[in-house]
Protein chains: 2
Amino acid sequence: MRRDIDQLMADRNLDVILVRGKVLGNPPLFYMLNGVHLTQAVVIKKRGEAPTVIAGPMDRASAAKSGYTVVLTTRYRYGGLLQQHNGDPLAASVAYYRRIFEDLGVSGRLGCYGYLDQGYAYAFLTALDAATPDIEIVGEIEADLIRVARATKDADEVARIREVGQHTVAVVKQTVAFLQSHEVGDNEILRKAGGDHLTVGDVHARIARLVAYEGLEDPEGFIFSTGRDAGIPHSRGQLNAPIRLGESIVFDIFPREVGGGYFFDLTRTFCLGYAPEPVARLHRDVVDCLIALEADVRAGEMARYYQRMTCDFLSDRGHPTVAEDPATQRGYVHGIAHGVGLDVHEVPRFQDDPSNGTRLLPGHLFAIEPGLYYPDEGMGCRVEDVLWIAEDSTVHNLTDMPYDLVVPMGAGLL
Amino acid sequence: MRRDIDQLMADRNLDVILVRGKVLGNPPLFYMLNGVHLTQAVVIKKRGEAPTVIAGPMDRASAAKSGYTVVLTTRYRYGGLLQQHNGDPLAASVAYYRRIFEDLGVSGRLGCYGYLDQGYAYAFLTALDAATPDIEIVGEIEADLIRVARATKDADEVARIREVGQHTVAVVKQTVAFLQSHEVGDNEILRKAGGDHLTVGDVHARIARLVAYEGLEDPEGFIFSTGRDAGIPHSRGQLNAPIRLGESIVFDIFPREVGGGYFFDLTRTFCLGYAPEPVARLHRDVVDCLIALEADVRAGEMARYYQRMTCDFLSDRGHPTVAEDPATQRGYVHGIAHGVGLDVHEVPRFQDDPSNGTRLLPGHLFAIEPGLYYPDEGMGCRVEDVLWIAEDSTVHNLTDMPYDLVVPMGAGLL
């Protein structure tokens, strides 16, 4: 959480952190700005002090919404420095940051975060380090400070994610209602008003509109795939495939707040009209597994335990899993869970490898998604909820949606 | 253009380039992948040779669509290296890249691009440089190779941008039709079916849906602002403001292909019902200026010339401009143009400063947008087209939409 940042700085022996870049597509910076939208910014925070935001004059009003002290870029007069350094942008940028550091009293170990072009970051920070003897530039390789802070969500963040979840559920329910509204034609294929087959592509187009209607955006795309494609976890669906009764449909959708913000992640598996027994069995095994997992989620447990638990559970039901064969493409073939926040996949990590020492903590918020895949049998099933561990260690399911497999055709909502 | 990359490498004395990161939100990498969507990738290109794409097994099929040789990450066995290096991710990552470089025969000056966390990039590239005596890591500060290559568009890119433009025009026309479909109530305010005022917020919601209907996304938001807000270039519009006849409405929209891709950028200014003379005069001056600029755009000219030309033109019409007072908030207050592509603002730069030596070239594609702003008089006007300079130096307007100011209320499309 944001309130942990001072402690995380102390753990890393950092005196100051600097987070910069464009705001769009830059979750570390968006996070440090308290979720405020502006074009670009530099955030500087000394340990034990509130952050300072350096922003352009056009962004003055937005920057103020962060709640932090705002200093305008014009104060540091980059243009003059560029002239003084004969148009050399590297020398001018280094001088510009030295001016900022002097103004804000920055010295000591400086942790640097935020997305920039890697070559630029390397050249610039190397030059800055050389030009500032009282500052040591620190880069982190993994589990960096901002990533770790982001992994545990505060009440405001949970409220925002919960709301994205409600809109996501609305998209799924309206998609189901759209499917239900169709006539069934020859070969159990759904048909449109004009008589043509309803295709996966038609449903994709409808989903895209529903996402916009719900005030969300969908930068990473979604999965709505049927039959064999439902049996391939990363298949988004064949656009020309017709929608027919009795096929497994995997619908996995992970939209976020418009303009960059918090994600949600929700998967359900459906059969229209009826479910053939093999699909019904898959679904039963997956839902039973999810219910068992959810009953067992608790603060203090190793995250990797849940991947092992899933493999054990599904193996007991007779399915191949990645525990016995990491390369299997049948049965349970992927990871069980991932943090959800400003990225759709973020820490905590749940990988079952010995280097993963992550323990679940109050504040962790993550998607948990057991699945079973049999592409050669033309079927797959995945069901996914978002869970949150509150301060008092109680576990809350933020996904308010039943698991029902069979969607009856005709009237009515799911 | 992509075909210039070898020449741009030679200009910079680079033997190899490496572009990496997540693909989403990473235009340099998306560009090097020929606009193919996958999760993350490393692209390595030696001078005079085709690129190699290193991608995960899940992304194998997508990576192949780039048309380049694909090598799977599994070939370089990161997991084993992590064990070998006792779980140290920096040492393991350096060893991993050394393995890649050896396999692909990489040596010499290596230009590094693509967005990564700045601290990670600094720490990793510093360690990589130290561990590879036959490789020199090169970072560029400005006008870097990929940015310069991207500034000139090839035929495929122009076709994609043109298509985004057609959908963008459709959004604007449908928004106009939506406005026209309303009744006019007291005080010349548009009212909804229930009798409430139609607000800027209602129109914003409609625009968001139209963007989705047209198969576009809108990561940077749009501007639909009225009256005084239309007179503040960066105001997105006050959501609770009612829509009334005779007010200047600035509609500036810059959507892109869904999932990250090419942008378009279009601005028109409207008055519903009628235009008061001061607004009509602003619009005349701005449209005349745009027409004069478009007639004068030519390959070989300095880009900064057009900013000066705009200031001269609008100053002759009696408006204050940034040429006399860089801080003016009345009259012409911003830059005239910017490249459009995988970023909504990219090179070429049109700033009128002596350090800007950019000349217009065949392949350049840019938005050009004169505007006049009088917030205290409650009005503003901006009109924006996208131009492209073809190989034969002919100039093409990619914005197929009239400039008409007055939108008659009642039936009919613009």
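Here is what the cut-offs are and how they apply
- Residues numbered from 1 in each chain as written.
- Chains lettered and ligands numbered in written order.
- Predicted model: local features only at pLDDT ≥ 70, side-chain atom pairs only at ≥ 80, totals over all residues.
- Helix = DSSP H or I, 4+ residues; strand = E, 2+ residues; numbered from the N terminus.
- Buried ≥ 20, exposed ≤ 12 C-beta atoms within 10 Å, placed from the backbone.
- Contact = placed C-beta atoms within 7 Å.
- Nonpolar A, V, L, I, M, F, W, Y, C, P; charged D, E, K, R; others polar.
- Pairing = 2+ DSSP bridges.
- Expected span 1.5 Å × (residues − 1).
- Least-squares fit on C-alpha atoms with pLDDT ≥ 70 in both.
- Axes fitted to C-alpha atoms, helices over the stretch in contact; angles between N-to-C directions.
- Parallel < 35°, antiparallel > 145°, perpendicular 65-115°, else oblique.
- Domains from an automatic or database assignment.
- Left-handed = near helix turned anticlockwise from the far one by under 90°.

With that out of the way, let us pick up the overall build of chain A. Counting its secondary structure elements, chain A contains 12 helices and 22 strands. Taken along the three principal axes of its C-alpha coordinates, chain A extends 75 × 50 × 35 Å. Counting over 414 residues, chain A shows a buried share of 45%. Looking at chain A alone, contacts between residues at least 24 apart form 67% of all its contacts between residues at least 6 apart.

Bringing the interface of chain A and chain B into the picture now. Between chain A and chain B, the residue contacts involve 42 residues of the former and 42 residues of the latter. The set of elements that each furnish at least two residues to the side of chain A that touches chain B consists of α5 (89-104), β5 (108-113), β6 (115-117), α6 (118-131), β7 (135-138) and α9 (200-213) of chain A. Of the residues forming the side of chain A that touches chain B, the biggest block, 8 residues, is contributed by α6 of chain A. When its residues are assigned to classes, the side of chain A that touches chain B shows 24 nonpolar, 11 polar and 7 charged. Note that β6 of chain A and strand β6 (residues 115-117) of chain B share 3 bridges and pair antiparallel. The residue of β6 of chain B that forms the bridge with Asp117 of chain A is Tyr115 of chain B.

Another aspect to go through is helix α6 (residues 118-131) of chain B. The end-to-end C-alpha separation of α6 of chain B is 20 Å, in line with the 20 Å expected for 14 residues at 1.5 Å each. Within α6 of chain B, burial applies to Gln118, Gly119, Tyr120, Ala121, Tyr122, Ala123, Phe124, Leu125 and Leu128 of chain B.

Here we come to the relation of the copies chain A and chain B. Aligned on chain B, chain A shows an RMSD of 0.0 Å; the corresponding rotation is 180° and the shift along the axis is 0.0 Å. The operation mapping one copy onto its partner corresponds to a two-fold rotation axis. Of every C-alpha in chain A, the one belonging to Tyr122 of chain A sits nearest the axis of rotation, 2.2 Å from it. Mapped onto chain B, 100% of the interface residues of chain A again fall at the interface, so both copies present the same surface.

Here the focus is helix α11 (residues 277-296) of chain B. The terminal C-alpha atoms of α11 of chain B, which comprises 20 residues, lie 28 Å apart, in line with the 28 Å expected from a rise of 1.5 Å per residue. Of the surrounding secondary structure, the elements contacted by the buried residues of α11 of chain B are β14 (266-272), α12 (304-316), β17 (365-368), β18 (371-374), β19 (379-382) and β20 (385-389) of chain B.

Moving on: the packing of α6 of chain A against α6 of chain B. At a minimum axis distance of 8 Å, the contact between α6 of chain A and α6 of chain B shows a crossing angle of 70°. Taken together, the axis directions place α6 of chain A and α6 of chain B in an arrangement best described as roughly perpendicular. Contact with α6 of chain A, carried on its side by Gln118, Ala121, Tyr122 and Leu125 of chain A, involves Gln118, Ala121, Tyr122 and Leu125 of chain B of α6 of chain B and no other residues of that element. The class makeup of the residues in the contact of α6 of chain A with α6 of chain B is 6 nonpolar, 2 polar and no charged.

A few words on the domain arrangement of chain A. All names here are of chain A. By the assigned domains, chain A splits into domain 1 (2-149) and domain 2 (152-407). Placing a centre on the C-alpha atoms of domain 1 and another on those of domain 2 gives a separation of 38 Å. If you look at the interface, domain 1 gives 11 residues, while domain 2 gives 8 residues. Mapped onto the side of domain 1 that touches domain 2, the elements with two or more residues apiece are α2 (27-32) and α7 (145-151). Sort the elements by how many residues they give to the side of domain 1 that touches domain 2 and α2 lands first, with 3 residues. Among the residues forming the side of domain 1 that touches domain 2, the class breakdown is 6 nonpolar, 3 polar and 2 charged.

What follows deals with the packing of α5 of chain A against α6 of chain A. Residues and elements named next belong to chain A. Running from N to C, α5 and α6 point in directions that differ by 55°, and their axes come no closer than 10 Å. Between α5 and α6, the angle is such that the two are oblique. Once α5 is placed against α6, the crossing between them reads as right-handed. Between α5 and α6, the residues in contact are Leu90, Ser93, Val94, Tyr97 and Arg98 and Ala123, Phe124, Ala127, Leu128 and Ala131, respectively. Classifying every residue of the contact of α5 with α6 by side-chain character gives 8 nonpolar, 1 polar and 1 charged.

Moving on: the environment of Gln40 of chain A. Residue and element names in this part refer to chain A. Position of Gln40 among the secondary structure elements: in strand β2 (residues 40-46). Look at Gln40 and you get partly exposed, because 17 C-beta atoms sit within 10 Å. Along the backbone, Gln40 and Val23 are 17 residues apart, and their C-alpha atoms lie at a distance of 5.2 Å. If sequence neighbours within four positions are ignored, Gln40 has contacts with Gly21, Lys22 and Val23.

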